[in-house]
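# Report on the structure
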Amino acid sequence: MLWACILFPQLAMDGVLRHRADADSPLALLAGPAQRRVLQAVNPAARAIGLRPGQSLIAAQALSQDFATADYNPVEIEHWQQLLAACAYGFSSQVSLHYPRCLLMEVHSCLSLFGPWPRFEARLREELSALGFRHRITVAPNPAAARILANVHNGLVITDADALRQALDRLPVQHLGFSREAATAFSRMGLRNLARILAQPRDSLSRRFPAEVLVQLDRLLGIRPLALDFHRPPDVFEQRIELNFDVKSHQALLFPLRRLTADLAAYLAGRDSGVQRFVLHLEHRAMADSQVQVGLLRAERDASMLFELTRDRLEQLQLPAPVLAVRLAARDLPRFAPERRQLFDERPQQSLPWEQLRERLRARLGDEAVHGLSACADHRPERAWSTQSSIPQPISPLRPGWLLAQPQPLREASLHILAGPERIESGWWDGDDVRRDYYVIQTRSGQRGWAFRELGSQGPLMLHGWFA
Amino acid sequence: MIRLDRTQSRTGYCSSIQLNKNLPMSAVVALDRLLDSRHVWRGQAISSPSSTQSTGHTELDSALPGGGWPGSALSEILVATSGIGELRLLWPTLARLTSAGERVVLVGTPHIPCPQAWLAAGVDLRQLMIVRATGRDALWATEQCLRSGSCGAVVCWPMQADDRALRRLQVAAETGKTLAFAYRPLDEAVNASPAALRLTLDARELRILKCRGGLAPARPIATPALVAGGGH
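Residues numbered from 1 in each chain as written. Chains lettered and ligands numbered in written order. Predicted model: local features only at pLDDT ≥ 70, side-chain atom pairs only at ≥ 80, totals over all residues. Heavy atoms only, no water.

An unreviewed UniProt entry lists chain A under the name DNA polymerase Y family protein, with Stutzerimonas decontaminans given as the organism.

Before going further, it helps to spend a moment on the overall build of chain A. Scanning chain A from N- to C-terminus turns up 15 helices and 19 strands. In terms of C-alpha radius of gyration, chain A reaches 34 Å, well past the compact-globule figure of 23 Å for 468 residues. Structurally, chain A occupies a C-alpha span of about 115 × 55 × 45 Å along its principal axes. Here chain A holds 468 residues, and 47% of them are scored as buried. The long-range share in chain A, meaning contacts at least 24 apart out of those at least 6 apart in sequence, stands at 58%. Averaging the locations of the 56 positively and 50 negatively charged side chains of chain A gives two centres separated by 6 Å. (Helix = DSSP H or I, 4+ residues; strand = E, 2+ residues; numbered from the N terminus. Rg over C-alpha atoms; globule rule 2.2 N^0.38 Å. Buried < 20%, exposed > 50% of the residue type's maximum accessible area, 1.4 Å probe, protein only. Contact = heavy atoms within 4.5 Å. Lys, Arg positive; Asp, Glu negative; His and termini not counted. Charge placed at Lys NZ, Arg CZ, Asp CG, Glu CD.)

Residues and elements named next belong to chain A. Inspection of the secondary structure assignment puts aspartate 218 in helix 12 (residues 211-221). Aspartate 218 sits in the buried class, given a relative accessible area of 7%. When near neighbours in sequence (up to four residues on either side) are disregarded, aspartate 218 contacts Arg202, Ile223 and Arg224.

A separate point is the pattern of salt bridges. Residue and element names in this part refer to chain A. Under the definition given, this model contains 38 salt bridges over all chains. Glutamate 283 is paired through a salt bridge with arginine 240; the nearest N and O atoms lie 3.0 Å apart. On the criterion of sequence distance, the pair formed by glutamate 283 in strand 9 (residues 275-284) and arginine 240 in strand 8 (residues 237-247) is long-range, its members being 43 residues apart. On the basis of relative accessible area, glutamate 283 is assigned to the buried category, the value being 15%. For the salt bridge of glutamate 425 with arginine 423, the shortest nitrogen-to-oxygen distance reads 3.9 Å. Look at arginine 423 and you get partly exposed, because its relative accessible area is 46%. (Salt bridge = Lys/Arg side-chain N within 4 Å of Asp/Glu carboxyl O.)

Our focus in this paragraph is the UniProt feature "domain: UmuC" (unreviewed entry) in chain A. Mapped onto this numbering, the UniProt entry gives "domain: UmuC" (unreviewed entry) at residues 25-150 of chain A. In this annotation, residues 25-150 of chain A is assigned 43% helix and 21% strand; the end-to-end C-alpha distance for the span is 28 Å. (UniProt positions renumbered as here; feature names shortened; annotations may be inferred.)

Right, let's talk about the packing of aromatic side chains for a bit. Each pair of aromatic rings is reported with the distance of its centres and the angle of its planes. Residue and element names in this part refer to chain A. Following the criterion strictly, the structure yields 18 aromatic pairs over all chains and no others. Between phenylalanine 186 and phenylalanine 209, the aromatic rings sit 4.3 Å apart at their centres with planes inclined by 25 degrees, giving stacked as the arrangement. Of this pair, phenylalanine 186 sits in helix 9 (residues 180-188) while phenylalanine 209 sits in the loop between helix 11 (202-208) and helix 12, and the two are 23 residues apart along the sequence. Given the relative accessible area of 0%, phenylalanine 186 is considered buried. Classification of phenylalanine 209 as buried rests on a relative accessible area of 9%. (Phe/Tyr/Trp six-rings, centres within 6.5 Å; stacked < 30°, edge-to-face > 60°.)

So, on to the sheet that holds strand 2 (residues 27-31) of chain A. Two modes of strand pairing occur in sheets, parallel and antiparallel, and in both the strands are linked by backbone hydrogen bonds. Residue and element names in this part refer to chain A. Here we have three strands laid out as an open sheet, ordered 3-2-4, and mixed in their pairing. Each edge of the sheet is formed by a strand with only one pairing partner; in this case those strands are strand 3 (38-42) and strand 4 (68-71). Across the sheet, the mean angle from the axis of one strand to that of its neighbour is 40 degrees, orientation sign disregarded. (Pairing = 2+ DSSP bridges. Axes fitted to C-alpha atoms, helices over the stretch in contact; angles between N-to-C directions.)

A word on the sheet that holds strand 17 (residues 434-442) of chain A. Here we have six strands laid out as an open sheet, ordered 16(A)-17(A)-18(A)-19(A)-15(A)-7(B), and antiparallel in their pairing. Edge positions in the sheet fall to strand 16 (416-426) of chain A together with strand 7 (112-113) of chain B, since each of these pairs with one other strand and no more. In this structure, strand 17 of chain A lies alongside strand 18 (residues 448-454) of chain A, joined through seven bridges in antiparallel fashion. Paired with aspartate 437 of chain A across the strands is arginine 453 of chain A, a residue of strand 18 of chain A.

This next bit is on the interface of chain B and chain A. Each partner contributes residues to the interface: chain B has 49 residues there, and chain A has 42 residues. With both chains or domains summed, chain B and chain A bury close to 4,200 Å², and 63% of this area falls on carbon and sulfur atoms. Its largest share of buried area at the contact with chain A, chain B owes to Ile112, Gln116 and Trp140 of chain B, together 17% of the area lost on that side. Our count for the contact surface shared by chain B and chain A stands at one salt bridge. When the shortest N-O distance is used, the salt bridge between arginine 364 of chain A and aspartate 137 of chain B registers 3.0 Å. Summed over the shared surface of chain B and chain A, the number is 14 residue pairs in polar contact (both at pLDDT 80 or more). Listing elements by their share of the side of chain B that touches chain A, those giving two or more residues are helix 3 (86-99), strand 7, helix 4 (115-120), strand 8 (128-131), helix 5 (135-148) and helix 6 (163-176) of chain B. For the side of chain B that touches chain A, a count of residues per class yields 25 nonpolar, 16 polar and eight charged. One ladder, built from two bridges, connects strand 15 (residues 402-409) of chain A with strand 7 of chain B; its direction is antiparallel. (Buried area = accessible area lost by both parts, 1.4 Å probe. Polar contact = N/O pair within 3.5 Å; in protein donor to acceptor, adjacent residues only side chain to side chain. Nonpolar A, V, L, I, M, F, W, Y, C, P; charged D, E, K, R; others polar.)

Moving on to the packing of helix 15 (residues 354-365) of chain A against helix 5 of chain B. Packed helices, taken two at a time, are described by the angle between their axes plus the distance between the axes. Direction vectors running N to C along helix 15 of chain A and helix 5 of chain B enclose 170 degrees, while the axes themselves pass 10 Å from each other. The angle between helix 15 of chain A and helix 5 of chain B places the two elements in the roughly antiparallel class. Only Asp137, Trp140, Ala141, Gln144, Cys145 and Ser148 of chain B of helix 5 of chain B make contact with helix 15 of chain A, whose side of the interface consists of Leu357, Arg360, Leu361, Arg364 and Leu365 of chain A. Tallied by class, the residues present in the contact of helix 15 of chain A with helix 5 of chain B amount to six nonpolar, two polar and three charged. (Parallel < 35°, antiparallel > 145°, perpendicular 65-115°, else oblique.)

Residues and elements named next belong to chain A. Spanning 15 residues, helix 4 (residues 74-88) covers 21 Å between terminal C-alpha atoms, matching the ideal 21 Å at 1.5 Å per step. All of the buried residues along helix 4 are Ile77, Trp80, Gln81, Leu83, Leu84, Ala85, Ala86, Cys87 and Ala88. Where helix 4 is buried, its residues meet helix 1 (11-17), strand 5 (95-96), strand 6 (102-106), helix 6 (117-131), strand 8 and helix 13 (250-271). Its side-chain oxygen placed 3.1 Å from the backbone nitrogen of valine 75, asparagine 73 serves as the N-cap of helix 4. (Expected span 1.5 Å × (residues − 1).)

Within the largest apolar cluster, 47 residues are counted, with the highest numbers of intra-cluster contacts made by Trp69, Ile77, Leu94 and Trp118 of chain B. Considering every element that reaches this core, the biggest residue donor is helix 3 of chain B, with seven residues. Sequence-distant contacts of isoleucine 77 of chain B, defined by excluding residues within four places in its chain, comprise Trp69, Leu89, Leu90, Phe181, Ala182, Tyr183, Arg184 and Leu199 of chain B. Ile77, Leu84, Leu103 and Leu128 of chain A belong to the second largest nonpolar core, which has 35 residues in total. (Core = buried A, V, L, I, M, F, W, Y, C linked by side-chain atoms within 4.5 Å.)

Residues and elements named next belong to chain B. At a closest axis distance of 7 Å, the pairing of helix 5 and helix 6 adopts a crossing angle of 20 degrees. In terms of their interaxial angle, helix 5 and helix 6 are classed as roughly parallel. The handedness of the crossing between helix 5 and helix 6 is left-handed. Along the contact surface, helix 5 presents Leu139, Thr142, Glu143, Leu146 and Arg147, while helix 6 presents Ala165, Arg168, Leu169, Ala172, Ala173, Thr175 and Gly176. (Left-handed = near helix turned anticlockwise from the far one by under 90°.)

Okay, here's the thing in structure tokens:
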């Protein structure tokens, strides 16, 4: 077994920054009670103007006025951890959030699928950077050692026990994952790294230190296994982004929307499912949410496509009030069947497959705008067609190429009847009784039409189609 | 003597000889040298469009420069009114494409296509898609369909299409390598258009107004003879 530890040193900051378009302006996260707000984390730009974690807000404001603040929210952090675990679940089936702000995943079993570790690592880093999280990755034969090595290393790979022992021996005692009291006691006893500690007799250590210390030592060396509870992906996707200000235009909603759909796509890829129906809730103050329903004809999970379809539908919506928060909920997550493609595509320039094109047209023109055409077994012309696709019907007698939606009276004087009458009489059983004599007529200008006269009426011929 | 073929170019100009003023008129000028010094502009040989698709009407095929609809380009069909064989003109092409498994999209049809007649014309309705749209949406949908390259042919009925809109369609058809047809009213014949092929159709005759890659034949084709194959 080989364990990778992905440590997120600035999870809270990255989680806030990914919702902000201006990631390079100074930002500080605040924690603590309202009377004494303390800077919990700062980004590099804020560090450059002199802000430090642990400063009180008043001290920080005395230094500078032009930095933005946001709340340090533990619930958010938990949420990001779940998202990252879902993302990592796409690579490995054994993913654990045992340590805070850190992912443990078993990688040895997935090397045969994702290639040798350097390639796998590059791909992991690429995905995490795309999600907007800074990270450190280390690999070790046991999870506890991987976690400890991530404290000081980035990109270190250790595959055997001897190399692990060498790497751990040099680590200072503060970074070995002991409690603060134990670490202080070790350093006061002059045991400043792991090699010195392990040189001591085990029974004397057990007499002087609580049991957790020995347990941690054994875990680091892989003698005692670490019991991990593995991540299991949730069955529904639901994510909410609170906006920093009242948003009144669609344009300002596009940035959070892009994040939401990208997260949805990452989640779907991890679950190996697609989404067919999801709802975008736009939350207002003291009003019911505006909802943007997105329904697809087949399951999809491509991030850019989901974004584009949602945007098209969002742009049609009139915002009744300013938007305070955006929430995306997807409950219908069917299996994703990738589209089959020809190995040698006849149209190499085909940039957009028909399924995506159809979704794009439906998103802008309405769900009913794109349909097929088929013939129905009914003599009445109005009912002889349908928009559903069905099996082809046997060819019936002469019919015009165009059928008018509403028959129109023909007022032209010099009509020439070419054929007819053809009696169509049907529908007495469903209340839509039709008794008509149809003629093929030709107008003076050479148009050929299909017109009828109701049985027993003396009115003008009613035009019902064109032989176009 | 200098003999040059009065080849006619696609823009319709005749070749002309512009002799150098310094030369006496009686001087014998070698043709090669004239051509090399670029004093002679030579009409280019008819360049047939890269790919054409048969219209299914032999008489029309022989009149068109490449022997059919210009492939991956916009063809404009200007019709006087409904019911004069405008669909019969296109049905053989659509029937051939749909039976070959290509998708055909109709955007913004003016009336309901009657499935029985389309089936009788040989169009495979499973490959036929209809997009309901009007005005600018119809133009947008047509352009999307053309650009995607996932359709064999796109037929549209734009209501108010200006020069710019048609140019967009023409470019989209080139990008997606798709056949594009636009039905427009006959009044638009006086306006210039970027379409590769322009036809006018009325109850009596079909005229070719413009065809890329050749001179438009002056002689009209009688409509009844052309569309008689439809059987209606």
